[in-house]
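Examining the three-dimensional arrangement
Letter by letter, the chains look like this.
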Amino acid sequence: MGQEKISVVIPVYNEEQTLNRLFERLTPVMESLNRDYEIILVDDGSTDNSLDIMLRHIGDRIKIVELTKNYGQHAAVFAGFENSTGGIVITMDADLQNPPEEIPRLVMTMENGNYEVVGTVRRSRKDSIFRKIPSRIVNGITRRITGVNLNDWGCMLRAYKRHVVEFMVESQEHSTFIPALATSFAKDITEIEVAHEQRFAGESKYSLAKLISLQFDLVTSFSDFPLRLMLYLGFLFAVLGVGFGVVLMIARLYFGALWAAEGVFTLFAVLFFFVGAQFLAFGLMGEYVGRIYEEVKKRPPYTIRRIHQD
Ligand code: UDP
Ligand code: MG
């Protein structure tokens, strides 16, 4: 195994309270590896003093990518990817919930096992129950749609081989969930257990709404199931409408006009049919709109104001 350079990519959004501590812990770990490395911090449009603090730490190993506004964690990581050069790229959060001390083990696992992606499972996760339950649901759904059996998708302390990172950057699918996207380009994937800590300071930048939006992104960009669902439902309704109509007609012949409430029921049957047909039409249209959307998505998913380096 050659001594590949290691890039550490860290998205930062209003983390002024944790940054100094992050450098204090991360730098010795990286130095202890005794190999070439770089730390790329991506300022995701912070509105506090994060950028100033980061600029104070700038050095030949530390580079800062300043985004023009807040684009979200995953877009920020992409901006970091694009500006990284290491043969092994590690992502991690700025809040010290992922201990930087785990990085050497991550690198070792990757090199010894010749893996393309090394994920992590958070041992005794230190988050609130309101943060854990949605994660459990996300993990389940992600397992289903990617078909890759990893236990913990949410932990961003992960290592990727250079080529996987390049594929992700090239794929231009910038709005998506990076741990899931990586699995579409890699075969040799594994997971190791890592410690998890309380957030060092500040609070989680993920509200329930942001989590839902992330999940929606995940489902719509990895499968067209929602569109299909609409199509299936439309079809089902239409068939039920027709069936209902037939049943009514037969019953009408047996029980007479009074039973059929002077055609009101029949009206319902007709209505069901048309509602169903409409869903079907919407579904079909959705399918096309979805495809067009895929095509036009080419707008840049983030914009870089400046890259600060020595
Ligand atoms: N983050 C970001 N942009 C955002 C939200 C979060 O760059 O819009 C960063 C944040 O600074 C942190 C990481 O993404 O380094 C994970 O965020 P957080 O700790 O709030 O998420 P949680 O641990 O609750 O999943
Ligand atoms: Mg966190």
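The preceding data block contains the structure.
Everything quoted here is computed from the prediction, not taken from an experiment.

Right, let's get into the site of ligand 1. Taken together, the neighbourhood of ligand 1 is formed by 18 residues, with Asp44, Asp95, Arg131, Ser204 and Lys205 sitting nearest. A distance of 3.1 Å is found between an oxygen atom of ligand 1 and a side-chain nitrogen or oxygen belonging to asparagine 70. In this structure, an oxygen atom belonging to ligand 1 sits 2.5 Å away from a side-chain N or O atom of serine 204. The pocket occupied by ligand 1, as judged from atoms lying within 2 Å of grid points, is the largest pocket. A breakdown of the residues in the shell around ligand 1 according to their chemical character gives five nonpolar, five polar and eight charged.

Time to look at the coordination of the magnesium ion (ligand 2). Around the magnesium ion (ligand 2), the protein contributes the donor atoms Asp95 (OD) and Gln97 (OE1), which lie 1.9 Å from the metal centre. The same class applies to aspartate 95 as to glutamine 97, namely buried.

Counting buried positions along strand E3 (residues 62–67) yields six of six residues, so the element is predominantly enclosed. Pairing between E3 and strand E8 (residues 304–308): four bridges, direction antiparallel. From the neighbouring strand, leucine 67 faces E8, where its bridge partner is isoleucine 304.

This part takes up helix H1 (residues 19–32). For H1, built from 14 residues, the straight-helix expectation of 20 Å at 1.5 Å per residue is met to within 8% by its first-to-last C-alpha distance of 20 Å. Within H1, the full set of buried residues consists of Leu19, Leu22, Phe23, Arg25, Leu26, Val29 and Met30. Residues of H1 that are buried make contact with strand E1 (6–12), strand E2 (37–43), helix H2 (50–56), E3 and helix H4 (103–113). Directly beyond the C-terminal end of H1, a positive phi value near 55° is found at asparagine 34.

Looking at the largest pocket, its volume works out to about 1,200 Å³. Around the largest pocket sit 50 residues that line it, and Gly72, Gln73, His74, Tyr206 and Leu214 are the ones nearest its centre. Of all elements in the fold, only E1, helix H3 (73–82), helix H5 (129–146) and helix H8 (208–222) reach the threshold of two or more residues within the lining of the largest pocket. Considering each element in turn, the lining of the largest pocket owes the most residues, five residues, to H8. Here the lining of the largest pocket is composed, by residue class, of 16 nonpolar, 17 polar and 17 charged.

Quick look at the side chain of glutamate 116 now. Positionally, glutamate 116 belongs in the loop between H4 and strand E5 (117–123). Of the side chains with opposite charge, lysine 187 comes closest to the buried, unpaired glutamate 116, at an N-O distance of 6.3 Å. Within the local environment of glutamate 116, its side chain forms a polar contact with the backbone nitrogen of lysine 187, the two atoms lying 2.6 Å apart. Residues contacting glutamate 116, with those up to four places away along its chain left out, are Met110, Ala159, Tyr160, Lys161, His163, Val164, Phe185, Ala186, Lys187 and Asp188.

So, about the packing of aromatic side chains. Tallying each qualifying case throughout the model produces four aromatic pairs. Taken together, a centroid distance of 5.7 Å and an interplanar angle of 40° make the contact between phenylalanine 167 and phenylalanine 185 tilted. In this pair, phenylalanine 167 sits in helix H6 (residues 162–171) while phenylalanine 185 sits in the loop between helix H7 (178–183) and strand E7 (189–195), placing the two residues 18 residues apart along the sequence. We classify phenylalanine 167 as partly exposed; its relative accessible area is 38%. Assessed through its relative accessible area of 28%, phenylalanine 185 is described here as partly exposed. Residues tyrosine 254 and phenylalanine 255 carry aromatic rings whose centres are separated by 6.4 Å and whose planes lie at 45° to one another, so their mutual orientation is tilted. Looking at phenylalanine 255, the relative accessible area reads 57%, which means it is exposed. Among the aromatic residues, those joined into a ring-pair cluster are Phe78, Phe81 and Tyr160.

What follows covers the pattern of salt bridges. According to the stated counting rule, one finds 14 salt bridges in the structure shown. Arginine 199 is the salt-bridge partner of glutamate 15, the closest N and O atoms lying 3.0 Å from each other. Taken as a pair, glutamate 15 in the loop between E1 and H1 and arginine 199 in the loop between E7 and H8 lie far apart in primary sequence, 184 residues in all. Summarising the burial analysis for this pair, glutamate 15 and arginine 199 share the class buried. Residues glutamate 15 and lysine 205 are paired through a salt bridge, measuring 3.6 Å at the closest nitrogen-oxygen approach. Placement of glutamate 15 in the loop between E1 and H1 and of lysine 205 in the loop between E7 and H8 is noted, with a sequence separation of 190 residues between them. On the basis of relative accessibility, which here comes to 23%, the residue lysine 205 falls in the partly exposed class. Connected through salt bridges with shared partners, the residues Glu15, Asp95, Arg199 and Lys205 form a single ionic network.

Parameters at a glance
- Residues numbered from 1 in each chain as written.
- Chains lettered and ligands numbered in written order.
- Predicted model: local features only at pLDDT ≥ 70, side-chain atom pairs only at ≥ 80, totals over all residues.
- Heavy atoms only, no water.
- Near = heavy atom within 4 Å.
- Polar contact = N/O pair within 3.5 Å; in protein donor to acceptor, adjacent residues only side chain to side chain.
- 1 Å grid on protein atoms, 1.4 Å probe; cavity = no way out; pocket = protein on both sides within 12 Å on 5 of 7 lines; lining within 4 Å.
- Sits in = over half its atoms within 2 Å of the grid points.
- Nonpolar A, V, L, I, M, F, W, Y, C, P; charged D, E, K, R; others polar.
- Donors = N, O, S within 2.8 Å, 3.2 Å for Na, K, Ca; no water.
- Buried < 20%, exposed > 50% of the residue type's maximum accessible area, 1.4 Å probe, protein only.
- Helix = DSSP H or I, 4+ residues; strand = E, 2+ residues; numbered from the N terminus.
- Pairing = 2+ DSSP bridges.
- Expected span 1.5 Å × (residues − 1).
- Contact = heavy atoms within 4.5 Å.
- Points joined across faces, edges and corners; volume = space filled by probe spheres on them.
- Lys, Arg positive; Asp, Glu negative; His and termini not counted.
- Salt bridge = Lys/Arg side-chain N within 4 Å of Asp/Glu carboxyl O.
- Phe/Tyr/Trp six-rings, centres within 6.5 Å; stacked < 30°, edge-to-face > 60°.

Keep in mind these numbers describe shape, not what the thing actually does.
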